[in-house]
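# Close look at the chain arrangement
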Amino acid sequence: MTSQSQGIQQLLQAEKRAKDKLEEAKKRKGKRLKQAKEEAMAEIDQYRMQRDKEFRLKQSKIMGSQSSLSEEIEEQTQGQIKELNGSYSKYMENVMNQLLSVVCDVKPEIHMNYRITN
């Protein structure tokens, strides 16, 4: 019986060692997964920062050119406004005189299609 109980003890010990090895392998696997996840997150953050930097550069180029365009358009608009104001002040008196002369100088005439019937 002792050899049987000794065999059973060996089997139990072997089972315990196998169980310990499995647990250790699971821990290593979990550790590797956690490490891989951290590495992936670091890589993702690095990629995100790189793309964000590229985006900001492109945005600054585009917005810079847009701001210069808007400044140029603003300058053109101000130039046209000054030109129109100058034209207005130059021709205003002449136009007002012509308008008043047309309205005030009425010459009464009989229309050529009017027939006198007597």
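Residues numbered from 1 in each chain as written. Predicted model: local features only at pLDDT ≥ 70, side-chain atom pairs only at ≥ 80, totals over all residues. Heavy atoms only, no water.

Attention now goes to a negative patch on the surface. A cluster of like negative charges, contributed by E71, E72, E74 and E75, occupies part of the molecular surface. Among the structural elements, E71 can be located in helix α1 (residues 2-104). (Patch = residues over 30% accessible without salt bridge, like charges linked within 9 Å, V, L, I, M, F, W, Y side chains within 5 Å. Areas by Shrake-Rupley, 256 points an atom, 1.4 Å probe, with all protein chains shown as cover. Salt bridge = Lys/Arg side-chain N within 4 Å of Asp/Glu carboxyl O. Lys, Arg positive; Asp, Glu negative; His and termini not counted. Charge placed at Lys NZ, Arg CZ, Asp CG, Glu CD. Helix = DSSP H or I, 4+ residues; strand = E, 2+ residues; numbered from the N terminus.)

The subject of this paragraph is the pattern of salt bridges. Within this structure, the stated rule accounts for 4 salt bridges. Here E54 and R51 are joined by a salt bridge, their closest N and O atoms 3.3 Å apart. Residue E54 and its partner R51 are both found in helix α1; the two are separated by 3 residues, about one turn of the helix. A salt bridge links R56 to D52; the nearest nitrogen and oxygen atoms lie 2.5 Å apart. On the criterion of helical spacing, the pair formed by R56 and D52 is a turn pair, its members being 4 residues apart in helix α1.

A word on the environment of R28. Structurally, the position occupied by R28 is in helix α1. Between the C-alpha atoms of R28 and M92, which are 64 residues apart in sequence, the distance is 92 Å.

A separate point is a nonpolar patch on the surface. A cluster of nonpolar side chains, contributed by Y88, M92, M96, L99, V102 and V103, occupies part of the molecular surface with about 630 Å² of accessible area. Mapped onto the fold, L99 is located in helix α1.

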